[in-house]
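Listed below are the residues making up each chain.
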Protein chains: 2
Amino acid sequence: MLRSAKKNKVHRKDVAKKAGVSPSTVSRAINDNPSIPVSTRNRVKKIAEELGYVPSHLGRNYYQKKSFRIGIVMPFSYDKKVRVFPTEYFSKVLFGALLSASREGYTINIIADSGFSSQELEKLVLSHSVDGLIFPVCKIGDNRFSYLYKKGIPFIFIHYYVRNKPYLYVDCDSKPGMEESLQYLSSKKINRIGFLGGDEEYINAIDRKKIFIDLARKYKMKVVNMVNGNFSRTSGFLAVKEFLKKELPEAIVCANDRMAFGLLEGLKKENVRIPEAVRIIGFDNQDIATLTSPPPHYYRKSFF
Amino acid sequence: MLRSAKKNKVHRKDVAKKAGVSPSTVSRAINDNPSIPVSTRNRVKKIAEELGYVPSHLGRNYYQKKSFRIGIVMPFSYDKKVRVFPTEYFSKVLFGALLSASREGYTINIIADSGFSSQELEKLVLSHSVDGLIFPVCKIGDNRFSYLYKKGIPFIFIHYYVRNKPYLYVDCDSKPGMEESLQYLSSKKINRIGFLGGDEEYINAIDRKKIFIDLARKYKMKVVNMVNGNFSRTSGFLAVKEFLKKELPEAIVCANDRMAFGLLEGLKKENVRIPEAVRIIGFDNQDIATLTSPPPHYYRKSFF
DNA sequence: CTGAAAGCGCTTACAG
DNA sequence: CTGAAAGCGCTTACAG
């Protein structure tokens, strides 16, 4: 299918010859090894540049026994439409990973996880396909990690953690944002509030709900209704029905912006006036948050 | 940061010893080399399995001078918000690439293209970081490819092509879908039609517009208005203003579903009745198409 | 400061 | 059918 790359590739020894040094010294120059003088380094680099010599990562990787790749493990089943890919969340995570990986000379490999066992995940590292794994989307109860940890497979979670386990993770603290929300509502003399939670298969959903409840108590607000969504816009839309069954809260705090957006759409459809009848608070700062109508109070520009 | 993987790794020679064969034979067994008997192959494989031997791809890659990776080059600038990642289009392309790559023993490497020169792209292949490049999002006039081609760098486009160039590409033919649309409208005795086009930096936008015009002529329909969008939902929303400036077409054909969705939202906001006042036709079959209200005529279920 | 040499773990042509 | 050997292109410890 693909045509093969140019065969008459420039090799390290071509550079060595032209520069009048040994191949070892070429390597040292290219890798900024301090044992050779800067003058030699620059001269060799210049010649390498001129000849178009590009060191092969394959040799380096092989010698160092490192692939310089990190696998990002995405839940993915095409049939079941489990696709986290097309979300802003994934976009951001991926971009962050790409940035910091490239700073360290690593690249990111996408791994479509259609239900790998811990052994299969382990093999990705043992075969040196990747050096380690990032899990950006984990559900509570995923039991593959104790095996990986025991085997010394390097891995890290994003927005997930397991209590009392030494697993590394990156997460954000939902408390400050949630506190800001409730504080704001409290300052506006709002007392009867509701909550639209996320899918409790994810630990952040549980955390945010708990934080919400604790803060409601702290600010002496009355929680009149709590509805469970699943973080999707659709679930926000559907939550309207649940909220209309009971006394409508003066404000509804949502566990993320996508649900807030769907909730807003659904409430408008039911002719509930926003923010007069009920105020909506999102969470996440996703781009979608800037597209609502009415616009967020901190973003009083026109729709677009 | 990351803990390193287990040190006492099982090597090929451990398997060889236990199986009473040479390391070469272990390789042959693992790789299903037909020169050794199946009985030997199976015995060796079983022992490898028991000992937990996993061949290193690093050695193989090095020997074969192949990385077994394909780079998928995504336009990406965080500041300028050029992010194709969070779209269903990218999700589908990526998944397809992952699937077919894995069938051939390849993996997919994400490359965030914040404006690479052709030389930088070339280096990705010369350094054997990847074996070839996929460009899933190209703008007309991208002039980096003649250099890559001349240098023998393997690359392939998705939904892009350059006329009179031998560059490989994968695309879909927009004509049958567009014809189906116009044929349908024609059968319904609809005669005054409009078009909402995509961003003409992309060749598909131009193609679809041209196909639309040609077909309108073929079916003897009158094109009363053509508006340019940029494939986004927002641009569909904004196009409403343009469509309302002139005589409203009986039907508007959109170059993709996202714009059709936005257009629908915008028209509803202006209290234009769908499909009584104007019919909307999308293009693409994106998931978003199933979420419209009113639902598509071929999908008469409730909203969700 | 620099070169010659060893070795990273594989695959495969070669010899038997 | 199978083993010993060469070699893929690097890095680096060692010797000078």
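Scroll up to find the structure.
From a predicted model like this one, the values you see are computed outputs, not experimental measurements. (Residues numbered from 1 in each chain as written. Chains lettered and ligands numbered in written order. Predicted model: local features only at pLDDT ≥ 70, side-chain atom pairs only at ≥ 80, totals over all residues. Heavy atoms only, no water.)

Novice: Describe the packing of helix α1 (residues 12-19) of chain B against helix α2 (residues 23-30) of chain B, listing the residues and the values that go with them.
Specialist: Packed helices, taken two at a time, are described by the angle their axes make and the gap between the axes. Residue and element names in this part refer to chain B. The N-to-C vectors of α1 and α2 enclose an angle of 100°; their axes lie 8 Å apart at closest approach. As summarised for this structure, α1 and α2 are arranged roughly perpendicular, according to the angle between their axes. From α1, R12, V15 and A16 reach across to α2, where they touch P23, S24, V26 and S27. Tallied by class, the residues present in the contact of α1 with α2 amount to 4 nonpolar, 2 polar and 1 charged. (Axes fitted to C-alpha atoms, helices over the stretch in contact; angles between N-to-C directions. Helix = DSSP H or I, 4+ residues; strand = E, 2+ residues; numbered from the N terminus. Parallel < 35°, antiparallel > 145°, perpendicular 65-115°, else oblique. Contact = heavy atoms within 4.5 Å. Nonpolar A, V, L, I, M, F, W, Y, C, P; charged D, E, K, R; others polar.)

Novice: Go over the protein's contact with DNA strand C, please, and point to the residues and values.
Specialist: The environment of DNA strand C is formed by 25 residues, the closest being T25, R28 and Y62 of chain A together with R12 and R28 of chain B. Of all atoms in DNA strand C that approach within 4 Å of the protein, 52% are sugar or phosphate atoms. At 3.0 Å from a phosphate oxygen of DNA strand C is found a side-chain nitrogen or oxygen belonging to Y53 of chain B. For DNA strand C, a phosphate oxygen lies 3.0 Å from a polar atom in the backbone of S56 of chain B. Within the residue set of the surface near DNA strand C, elements represented by two or more residues are α2 (23-30) and α4 (57-64) of chain A together with α2 and α4 (57-64) of chain B. Here the surface near DNA strand C takes 4 residues from α4 of chain B, the largest share from any one element. (Near = heavy atom within 4 Å. Polar contact = N/O pair within 3.5 Å; in protein donor to acceptor, adjacent residues only side chain to side chain.)

Novice: Let's hear about the packing of aromatic side chains: which residues, and what values?
Specialist: A full pass over the atoms with the stated rule returns 28 aromatic pairs over all chains. Considering the side-chain rings of F195 of chain B and F212 of chain B, the 4.6 Å spacing of their centres and the 25° angle between planes classify their relative orientation as stacked. In this pair, F195 of chain B is assigned in strand β7 (residues 192-197) and F212 of chain B in helix α9 (residues 203-218), connecting sequence segments 17 residues apart. Comparing F195 of chain B with F212 of chain B shows no difference in burial state: the two are buried. Through successive ring pairs, a cluster of aromatic residues spans F135, F145, Y149, F155, F157, Y160 and Y167 of chain A. Directly above the aromatic system of F68 of chain A lies the positively charged group of R60 of chain A, at a separation of 3.9 Å from the ring centroid. (Phe/Tyr/Trp six-rings, centres within 6.5 Å; stacked < 30°, edge-to-face > 60°. Buried < 20%, exposed > 50% of the residue type's maximum accessible area, 1.4 Å probe, protein only. Lys NZ or Arg CZ within 6 Å of the ring centre and 35° of its normal.)

Novice: Tell me about the environment of H57 of chain A, and name the residues and values.
Specialist: For H57 of chain A, the position within the fold is in helix α4. A relative accessible area of 26% places H57 of chain A in the partly exposed class. It is 35 Å that separates the C-alpha atoms of H57 of chain A and N143 of chain A, two residues lying 86 residues apart in sequence. Once residues within four sequence positions are removed from consideration, H57 of chain A is found in contact with S127 and S129 of chain B.

Novice: Could you give me a rundown of the pairing of strand β9 (residues 251-254) of chain B, with the residues and numbers involved?
Specialist: Residues and elements named next belong to chain B. Burial along β9 is two-sided: the residues A251 and V253 and I252 and C254 are all buried. Note: β7 against β9, 4 bridges, orientation parallel. Paired with L196 across the strands is C254, a residue of β9. Where β9 lies against strand β10 (residues 279-281), 3 bridges are found, and the strand directions are parallel. The residue bridging V253 from the neighbouring strand is I281, located in β10. Handedness of the crossover joining β9 and β10 through helix α11 (residues 257-269) is recorded here as right-handed. (Pairing = 2+ DSSP bridges. Right-handed = clockwise from strand over helix to strand, strands pointing away.)

Novice: Can you tell me about empty space enclosed by the protein, naming the residues and giving the values?
Specialist: Inspection of every chain in the model, using the stated rule, returns 1 cavity of 30 Å³ or more. Size it by volume and the largest cavity reaches roughly 50 Å³. In terms of lining residues, the largest cavity is bounded by L58, N61, Y62, S67 and R69 of chain A together with L58, N61, Y62 and R69 of chain B. Of all the secondary-structure elements, those providing two or more residues to the lining of the largest cavity are α4 of chain A together with α4 of chain B. Tallied by class, residues from the lining of the largest cavity come to 4 nonpolar, 3 polar and 2 charged. (1 Å grid on protein atoms, 1.4 Å probe; cavity = no way out; pocket = protein on both sides within 12 Å on 5 of 7 lines; lining within 4 Å. Points joined across faces, edges and corners; volume = space filled by probe spheres on them.)

Novice: Outline the protein's contact with DNA strand D, supporting the account with residue identities and numerical values.
Specialist: The local shell around DNA strand D holds 25 residues, among which R12 and R28 of chain A together with T25, R28 and Y62 of chain B are the closest. The sugar and phosphate moieties of DNA strand D supply 51% of its atoms located within 4 Å of the protein. Between DNA strand D and the protein, one listed contact pairs a base nitrogen with a side-chain N or O atom of S24 of chain B at 3.1 Å. K65 of chain B is positioned such that a nitrogen or oxygen atom in its side chain is 3.0 Å from a phosphate oxygen of DNA strand D. For the surface near DNA strand D, the secondary-structure elements that each account for two or more residues are α2 and α4 of chain A together with α2 and α4 of chain B. In terms of residue class, the surface near DNA strand D is built from 9 nonpolar, 11 polar and 5 charged.

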